[in-house]
Amino acid sequence: MIRLIPQPLSVTENTGAFVKASDFTVTRKTLSVKQCDESYSLYIKADGITICASSEKGFFYAEKTLEQIISFYGDLIPVCTINDSPRFEYRGFMIDCARHMFSVDELKKMIDVAASLKFNRFHWHLADDQGFRIELKCYPELTRLGSVRAGDRFGKNLQSDKPYGGFYTQKEISEIVDFCRKRFIDVIPELDVPGHSSALLHVFPELGCGGKNVSVKMSNGIFKDVLCVGEEKTETVIRNIVSELCELFPGEYFHIGGDEVPRDNWKNCPKCRSLAESAGIHDLDGLQQLFINSVAAFLQEKGKTVIGWNECLKGGKLNGGMVIERWLDPKGLAVKAANNGRKIIAAPLKPYYADYPYAIYSLKEVYLYEPTDIKGLTESGKENVIGTESPIWTEFINSCASLEAHCFPRWFAVAESAWSIPENKSYREFASASVKLCEALHSRGINCTLPSGWNPTGLKSLCESAAFLSNFSTTGK
Ligand code: ACM
Ligand code: ZN
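Here, residues in each chain are numbered from 1, in the same order as that chain's written sequence. Key to labels: chains lettered from A, ligands numbered from 1, both in the order written. Local features in a predicted model are, by the rule used here, given only for residues with pLDDT of at least 70; side-chain atom pairs are given and counted only at 80 or more, and totals for whole chains, interfaces and linings are based on all residues. The basis for every side-chain value is the complete set of non-hydrogen atoms in the structure, without hydrogens or water.

With respect to the coordination of the zinc ion (ligand 2)
Okay, so step 1: We call an atom a donor if it is N, O or S and sits within 2.8 Å of the metal, or 3.2 Å for Na, K and Ca. Water is not counted, so some sites may look partial. Protein coordination at the zinc ion (ligand 2): the donors are C209 (SG), C228 (SG), C269 (SG) and C272 (SG), at 2.2 to 2.4 Å from the metal.
Okay, so step 2: Coordination at the zinc ion (ligand 2) is tetrahedral: its 4 donor atoms span angles of 107 to 112° at the metal.
Okay, so step 3: The sequence pattern formed by the donor residues of the zinc ion (ligand 2) is C-x18-C-x40-C-x2-C. Taken as a pair, C228 in the loop between α5 (198-203) and α6 (232-248) and C269 in the loop between α7 (264-267) and α8 (270-279) lie far apart in primary sequence, 41 residues in all.
Okay, so step 4: C269 gets classed as buried once you look at its relative accessible area, which sits at 5%. Working rule for geometry: tetrahedral if four donors all subtend angles between 85 and 135 degrees; square planar for four, octahedral for six, if opposite donors exceed 155 degrees and the others stay between 65 and 115; irregular in every other situation. Helix and strand assignments come from DSSP, with helices taken as H or I runs of at least 4 residues and strands as E runs of at least 2, each series counted from the N terminus. Classification of residues uses two cut-offs on accessible area relative to the type maximum, computed with a 1.4 Å probe and protein chains only: under 20% is buried, over 50% is exposed, and between them is partly exposed.

Dropping the structure here:
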């Protein structure tokens, strides 16, 4: 039986018949029938290999499928017909390059594998408390000073007094955007505001309530240094930054963060209080909402579809059209929003946060997660789940080898939930195909986790979980 990752919609085999792939050049047929532009058909027959699609995207996915078949079978590939189409339009992966950076070549390696798994959105987390990693022409000092922290204090194991710094030049960013475009991946930059802004405040202390000095953070955690929403210059600076980012990232989406915002400083800030008063706002959620809506509206006017983490729903009056990325939703705001028509992306911390060890979120658990199976989500709410995303946060991940081991094969599982219909899923079949895919990727120098590490149990696993969770013991997340 032909079992691929992600499993195609339909596979019809002529059991026992094989052809030599190298005997043929692949024939392309462009279909004029309007269908989903990511759909394709692949015919492997005794007299040749043909791919049919109505767009370049479809041809691309057909080629990826054929490449995987060849990597599993070698030159002698099974005669078959595959008709394929994705389940979700949004199939995302996120890499945090703020806490630790990865080189352009390392990112390309990750993106290349993601493209072969038919992901189509790269959410690039580029700025956070621990570093601002974008070359900006409008604020060169933000890049120069905001990209460096004095050392590392991440959990127990990543401790250093050596300054850590780096950023992506505009040329490098364009190189990544172009690399992704050729693989039909839209790059989504994230500028996380108004929280997670220490690096920004280090350079522009006047954008914080009270204007005190702020350091680029060396540790994991949630910090009270957030943007002052009552300060006029805050809006100007953010608008200038996002305007330049829109030039660099021409894709459909822009992510403005909005998560984990301690509002303690807003309470006693004359500027924040005065803004609240003039806008007739009586609570902190309302202030946060006002700020998010203003940044989002600016981007929406530029034609962007704006994404924010689910905290953006606080206040209850989020701009229409904004998409919500649901990661932790204790009050069910994202569920309610989806039930009322808002588009959401399922990116649940449990089990899609790929920075957790397999001892906590095993491969099987990641695979069995069903993106629309959310408590309280109605049938019409399910229709508003546009897809899934698996983020990898990198406070504790400072090498590409570790990045790859955390993501692969986990992202195989996420890719399958994003592309394949539930009826075509089976963990047993997926796991055996994953063995083959890991072998194929190992031979390309990708450090996939070995099968023995996919679903750990017992004492070793308990110790690994405890060691990881102890990283949060002082700071929380
Ligand atoms: C998040 O993990 N703070 C989105
Ligand atoms: Zn303020």
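Still to come is the rest of the account.
What to know about the nonpolar core
Okay, so step 1: Formed by 147 residues in total, the largest nonpolar core has its most connected members in I95, W124 and W411.
Okay, so step 2: Two residues form a contact once any of their heavy atoms are found within 4.5 Å. Apart from the residues within four sequence positions on either side, I95 is in contact with F102, L107, M110, F122, H123, W124, H125, I392, L403 and W411.
Okay, so step 3: The next biggest cluster of nonpolar side chains, apart from the first, holds 7 residues, and it includes Y90, Y253, I307 and I386. In plain words, nonpolar cores are sets of buried Ala, Val, Leu, Ile, Met, Phe, Trp, Tyr and Cys residues tied together by side-chain atoms within 4.5 Å.

So, the pairing of strand β18 (residues 385-392)
Within a regular strand, side chains alternate between the sheet's two faces.
Okay, so step 1: Buried residues dominate β18, accounting for 8 of its 8 residues.
Okay, so step 2: Pairing of strand β6 (residues 90-96) with β18, which is carried by 6 bridges, proceeds in the parallel orientation. Looking at β18, one finds that G92 is bridged to E389.
Okay, so step 3: Direction of pairing for strand β17 (residues 344-346) relative to β18: parallel, over a ladder of 3 bridges. Residue pairing for β18: A346 is matched across the bridge by T388. Note on pairing: DSSP must find at least two bridges between two strands before they are called paired.

Digging into the layout of surface pockets
Okay, so step 1: Using a 1 Å grid laid over the protein atoms alone, points where a 1.4 Å probe fits but cannot get out form a cavity; open sets with protein on both sides within 12 Å along at least 5 of 7 lines form a pocket; any residue with an atom within 4 Å of a point counts as lining. Grid points are joined across faces, edges and corners, and a volume is the space filled by probe spheres set on the points. The computed volume of the largest pocket comes to approximately 410 Å³.
Okay, so step 2: Around the largest pocket sit 19 residues that line it, and P357, Y358, H406, E464 and F468 are the ones nearest its centre.
Okay, so step 3: The set of elements that each furnish at least two residues to the lining of the largest pocket consists of α14 (400-407) and α17 (458-470).
Okay, so step 4: Tallying contributions element by element places α17 first for the lining of the largest pocket, with 5 residues.
Okay, so step 5: Looking at the lining of the largest pocket residue by residue, the class counts come to 9 nonpolar, 8 polar and 2 charged.
Okay, so step 6: In this structure, the second largest pocket spans a volume of roughly 270 Å³.
Okay, so step 7: Lining the second largest pocket are 13 residues, and of these E311, K314, P330, K331 and L333 sit closest to its centre.
Okay, so step 8: Note that Gly is not counted as nonpolar here; it falls among the polar residues with everything else outside the nonpolar set of Ala, Val, Leu, Ile, Met, Phe, Trp, Tyr, Cys and Pro and the charged set of Asp, Glu, Lys and Arg. Considering only residue class, the lining of the second largest pocket consists of 5 nonpolar, 2 polar and 6 charged.

Overview of the sheet that holds strand β1 (residues 10-20)
Okay, so step 1: If you walk across this open sheet you meet the 5 strands as β1-β5-β3-β4-β2, and the pairing is mixed. The sheet is open, and its two borders are formed by β1 and β2 (27-30), each paired with just one other strand. Across this sheet, the average inter-strand angle for adjacent strands is 20°, counted without regard to direction.
Okay, so step 2: In the sheet, β1 pairs with strand β5 (residues 76-84) via 7 bridges, with the strands oriented antiparallel. Looking at β5, one finds that E13 is bridged to C80. Angles shown run from 0 to 180 degrees and are taken between the N-to-C directions of axes, each axis being a line fitted to C-alpha atoms and, for helices, limited to the stretch in contact.

Topic: the packing of aromatic side chains
Okay, so step 1: Centres within 6.5 Å make a pair out of two Phe, Tyr or Trp rings, where for Trp the six-membered ring is used; the pair is then stacked when the planes are under 30 degrees apart, edge-to-face when over 60, and tilted otherwise. Under the definition given, this model contains 27 aromatic pairs.
Okay, so step 2: With centroids separated by 5.5 Å and ring planes inclined at 70°, the aromatic side chains of F60 and Y61 adopt a geometry described as edge-to-face.
Okay, so step 3: By relative accessible area, F60 is classed as buried at 9%.
Okay, so step 4: Judged by centre distance (5.9 Å) and plane angle (80°), the rings of F396 and F468 are edge-to-face. With F396 in the loop between β18 and α14 and F468 in helix α17, this residue pair connects regions lying 72 residues apart in the sequence.

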